[in-house]
Amino acid sequence: MSVYVSLLHYPVYNKERRVVTTSLTTLDIHDIARSSRTYGIKGYYIVQPIENHLWLANKLLSFWQGGHGREYNPKRWEALKLVKAVPYFENVVSDIEKIEGKKPKVVVTTAKKYENAVSFGQMRELINKEDSPYVICFGTGWGLTEDFVKRADYILEPICGPTDYNHLSVRSAASIILDRLLGLR
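Residues numbered from 1 in each chain as written. Predicted model: local features only at pLDDT ≥ 70, side-chain atom pairs only at ≥ 80, totals over all residues. Heavy atoms only, no water.

Under an unreviewed UniProt entry, the name given to the protein chain is tRNA (guanine-N(1)-)-methyltransferase C-terminal domain-containing protein, and the source organism is Desulfurobacterium atlanticum.

What follows is the structure, given as structure tokens:
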């Protein structure tokens, strides 16, 4: 099983549905890394094209991956060693292709319902059955752009609760989705 995760800060929407780049949130880096390590993810990519934000992500990662943070909290290091910060999603695809020898299948997550979405059960089956690497993409802000979603190989069904409120933090959504796709049954 070769599953990767990508957290995209671009291309995403803001609340006015304008295409923007969102700000880096260090909690997202830490918490999604911990979920990724728990569920056996091979790599976690932060996609952030703003140079100063990319610098900040790499500064944080250098502390935890090789600096004092590794000694201070080895459990946190174990999760954060999975993380790479890159400017664009094309860098993610290229890096995974170098590692795996083939392009990953792109799976997008969204809070919106799509007719051609696959269920968590179907995706789980594909991941366990096929000999392909997968990259599960999470969007920040108000979600991944329609153009990005349409170019994906798979659109995953949304997480739905018993209410009409549907605005989970990306950290929470990532944990729920990774458990549904990769958790023990």
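1. With respect to a nonpolar patch on the surface
Where nonpolar side chains cluster on the molecular surface, the patch consists of Y10, V19 and Y88 and spans about 280 Å² of accessible area. With respect to the helices and strands, V19 occurs in strand β3 (residues 19–20). (Patch = residues over 30% accessible without salt bridge, like charges linked within 9 Å, V, L, I, M, F, W, Y side chains within 5 Å. Areas by Shrake-Rupley, 256 points an atom, 1.4 Å probe, with all protein chains shown as cover. Salt bridge = Lys/Arg side-chain N within 4 Å of Asp/Glu carboxyl O. Helix = DSSP H or I, 4+ residues; strand = E, 2+ residues; numbered from the N terminus.)

2. Brief notes about the pattern of salt bridges
As enumerated under the stated definition, the model contains 11 salt bridges in all. Through salt bridges that share partners, R17, K112 and E146 make up one connected network.

3. A look at the pairing of strand β7 (residues 133–139)
Along β7, 6 of the 7 residues are buried, which leaves the element largely enclosed by surrounding structure. Inspection of the sheet shows strand β1 (residues 2–8) paired to β7 by 7 bridges, in the parallel sense. Within β7, the position partnered with S2 by the bridge is P133. Bridging between strand β6 (residues 105–108) and β7 involves 4 bridges; their strand directions are parallel. (Buried < 20%, exposed > 50% of the residue type's maximum accessible area, 1.4 Å probe, protein only. Pairing = 2+ DSSP bridges.)

4. Side note on the layout of surface pockets
Of the voids in this model, the largest pocket is the one considered here, and its volume is about 710 Å³. For the largest pocket, the lining is made up of 35 residues, of which A111, G139, G141, W142 and G143 are closest to its centre. The leading source of residues in the lining of the largest pocket is helix α8 (residues 170–182), at 4 residues. The class makeup of the residues in the lining of the largest pocket is 14 nonpolar, 14 polar and 7 charged. Approximately 250 Å³ is the volume found for the second largest pocket. In this structure, the second largest pocket is lined by 13 residues; those nearest its centre are F89, E90, V93, F148 and R151. The greatest single-element share of the lining of the second largest pocket, amounting to 3 residues, is contributed by helix α5 (residues 89–100). For the lining of the second largest pocket, the residue count by class is 9 nonpolar, no polar and 4 charged. (1 Å grid on protein atoms, 1.4 Å probe; cavity = no way out; pocket = protein on both sides within 12 Å on 5 of 7 lines; lining within 4 Å. Points joined across faces, edges and corners; volume = space filled by probe spheres on them. Nonpolar A, V, L, I, M, F, W, Y, C, P; charged D, E, K, R; others polar.)

5. Concerning the packing of helix α1 (residues 26–38) against helix α2 (residues 51–65)
Think of two packed helices as two axes; the pair is described by the angle between the axes and how far apart they sit. Look at α1 against α2: their axes get within 10 Å of each other, and the N-to-C directions meet at 45°. In terms of orientation, α1 lies oblique with respect to α2. As α1 runs across α2, the sense of the crossing is right-handed. Only A57, L60, L61 and W64 of α2 make contact with α1, whose side of the interface consists of T26, I29 and H30. Within the contact of α1 with α2, the residues separate by chemical class into 5 nonpolar, 2 polar and no charged. (Axes fitted to C-alpha atoms, helices over the stretch in contact; angles between N-to-C directions. Parallel < 35°, antiparallel > 145°, perpendicular 65-115°, else oblique. Left-handed = near helix turned anticlockwise from the far one by under 90°. Contact = heavy atoms within 4.5 Å.)

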